[in-house]
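In case you want the letters, here they are:
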Amino acid sequence: MTHPTTTATTTAPSAEQGGNLHWQRNLAVCMFGSFTTIIAMTLLLPFLPLYVEQLGVKDHAAIVQWSGAAYGATFLSAALVAPLWGRLADRYGRKPMLIRASLGMAVAMALIGVAGNVWQLVGLRLLAGLLGGYASGSMVLVATQTPKDRTGWALGTMSSAIMAGNLVGPLVGGALPPLIGIRATFFAAGAIIFVAFLATAFLIREERKAPAARKQDGGSAAEQTGWAAVPDKRPLVAMLFTGMLLMLANMSIEPIITVYVATLVEDPGRVTMMAGLVMSAAALGSILSASRLGKLADRVGHWNVIVGCLAVSALLLVPQAFVTSGWQLVVLRFLMGLSLGGLLPCIASVIRHNVPERVAGNMLGYSTSAQYTGQVAGPLLGGFVGGHIGMRAVFLGTCVLMAAGAAWNWLAKRR
């Protein structure tokens, strides 16, 4: 089970609570930075095929393939380096990593706007993933600088900002290019991230433990680092699996959603609009519920909320396989978003409470990599199952996985 947290008895966090006197300001800056950087990373979705064509690719199939490669490149490189950035954050501080990520992403986004061919576009998207990681780094800083009895709420609020960026990004990407052009849209994104860089550099205050305090936390960093520093690895493994499962469940429907909606909507002209509503409904539900579920988790236990969220999500997937209209699917995806909203903050909280602070960034980096793995595997599995077995099988198969995740977490919690 998770270690019990210390109850706050004063306004300012105590050393035992692991809090920072500036944690609320840090949270506000991290929310702003995560929101803007996620917008910048997702705004190219609506016009990416147009940009690929603008860079010289003319064949329709090639445009689709290059668009997929360019979009997925960032997540692939980010998954590979997330544990490294987490380890460096543990060693040199979380704030320097946020400064690096925001400045690196600002430069990478501006360079994407001057790409001369499609190879440069993919390469710069890989670079953005390698240099980036602001949102995941913010989760690490907030998790380690917030009083333990407020961690769930703070991380839930952070998750809301991240999911809001995912929701707003494609909307901005659909509105800006007709007004200022595709290349200027990337320049504008880089400028916004540069503002986040300035806010991070001048407003965030990180309090770090003295070397003696870190040694008392379970041995010197030279003696135990990485996985070896975690006394009980079962909670960590359970959270890595749960994070991957969350993203897999969210993304498994993406390849089939437009085709599935087409079977539910009679008017072909309304298919894309309804598909957009279905995609947005889950994100909106998660935005609304993340901070509330995080606050509930602080009161009743993070692992209890994880088990409950996974179980409810599994139940909601069953009727999604048998809906008869588009609006039924929109409502069910919204309800599923409400139930999934509490998972990310609770996953980070359980990891924070079950690993020594000196390796918290490294372990949360592994958690980020696991989530990216789910984000990549979800569409691949969803597309394969939907194409070879049937679209309803995607929902039912994901239901089985979510139920298995709930059962595993329940057993891990008992142990």
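Look a little higher up for the structure.
Starting from 1, residues in each chain are numbered consecutively following that chain's sequence as written. This being a predicted model, a pLDDT of at least 70 is required before a residue's local features are given, and a value of 80 or more before pairs of side-chain atoms are given or counted; all residues contribute to the totals for chains, interfaces and linings. Side-chain measures here rest on the full set of heavy atoms in the structure, leaving out hydrogens and waters.

A. Fine view of the overall build of the protein. Helix and strand assignments follow DSSP, with helices taken as H or I runs no shorter than four residues and strands as E runs no shorter than two, numbered in order from the N terminus. Of the regular secondary structure elements, the protein holds 17 helices and zero strands. Radius of gyration here uses only the C-alpha atoms, and the compact-globule reference equals 2.2 Å multiplied by the residue count raised to the power 0.38. Whereas a compact globule of 415 residues would reach a radius of gyration of roughly 22 Å, the protein reaches 21 Å, a difference of no more than 12%. With the principal axes as the frame, the protein shows a C-alpha extent of 65 × 45 × 35 Å. Contacts: residue pairs with any heavy atoms within 4.5 Å of one another. In the protein, the proportion of contacts linking residues at least 24 apart, taken out of those at least 6 apart, comes to 84%. Areas reported as accessible are Shrake-Rupley estimates using a 1.4 Å probe. Residue values count occlusion only from the protein chains shown. Accessible surface, the protein as shown: approximately 17,700 Å² in total, 68% of it carbon and sulfur. Taking the 29 positively charged and 15 negatively charged side chains of the protein as two groups, their mean positions are separated by 4 Å. Only four residue types enter the tally: Lys and Arg on the positive side, Asp and Glu on the negative side; His and the chain ends are excluded. Just so you know, the charge point we use is NZ for Lys, CZ for Arg, CG for Asp and CD for Glu.

B. Focus on empty space enclosed by the protein. Site definitions follow a grid-based scheme: protein atoms alone, a 1 Å grid, a 1.4 Å probe that fits but cannot get out for cavities, and for pockets an open set with protein on both sides within 12 Å along at least five of seven lines, plus lining residues having an atom within 4 Å of a point. Grid points are joined across faces, edges and corners, and a volume is the space filled by probe spheres set on the points. Counted under the stated rule, the structure contains two cavities of 30 Å³ or more. One number sums up the size of the largest cavity: a volume of about 190 Å³. What lines the largest cavity is a set of 21 residues, among which Trp85, Gly86, Gly133, Ser136 and Gly137 lie closest to the centre. Contributions of two or more residues to the lining of the largest cavity are made by α3 (60-92), α4 (94-112), α6 (134-145) and α16 (360-388). Take the lining of the largest cavity: its biggest share by element is six residues, from α3. Note on residue classes: Ala, Val, Leu, Ile, Met, Phe, Trp, Tyr, Cys and Pro are nonpolar, Asp, Glu, Lys and Arg are charged, and everything else, Gly too, is polar. Its residues assigned to classes, the lining of the largest cavity shows 10 nonpolar, nine polar and two charged.

C. A nonpolar patch on the surface, seen in detail. Patches in this entry comprise residues that are over 30% relatively accessible and not in a salt bridge; like charges within 9 Å are linked, as are nonpolar side chains (Val, Leu, Ile, Met, Phe, Trp, Tyr) within 5 Å. Criterion for a salt bridge: a side-chain nitrogen of Lys or Arg within 4 Å of a carboxyl oxygen of Asp or Glu. Together, Leu103, Val107, Leu111, Val114, Phe187, Phe194, Leu198, Phe202 and Leu203 give the surface a local cluster of nonpolar side chains, amounting to about 780 Å² of exposed area. Residue assignment for the nonpolar patch shows that the elements contributing at least two residues are α4 and α8 (182-203). The leading source of residues in the nonpolar patch is α8, at five residues. Residue position: Leu103 is located in helix α4.

D. Layout of the packing of α16 against helix α17 (residues 391-414). Relative to each other, α16 and α17 sit at 135°, their axes nearing to 7 Å. When the axis of α16 is compared with that of α17, the two are oblique. As for the relative orientation of α16 and α17, their crossing is right-handed in sense. Of the residues in α17, those in contact with Gly382, Val385 and Gly386 of α16 are Met391, Ala393 and Val394. Taken together, the residues that form the contact of α16 with α17 break down as four nonpolar, two polar and no charged. Axis geometry follows a simple rule: fit a line to the C-alpha atoms, using only the stretch in contact for helices, then measure angles between N-to-C directions, giving values from 0 to 180 degrees. Should an angle fall under 35 degrees it is called roughly parallel, over 145 degrees roughly antiparallel, and 65 to 115 degrees roughly perpendicular, with every other angle called oblique. We call a crossing left-handed when the near helix sits turned anticlockwise from the far one by less than a right angle, and right-handed when that turn is clockwise.

E. Main features of the environment of Phe35. The residue Phe35 is located in helix α1 (residues 23-42) in this model. When the C-alpha positions of Phe35 and Ala412 are compared, they lie 33 Å apart, and in sequence the two are 377 residues distant. Residues in contact with Phe35, not counting those within four places in the same chain, are Ala161, Ala164, Gly165 and Val168.

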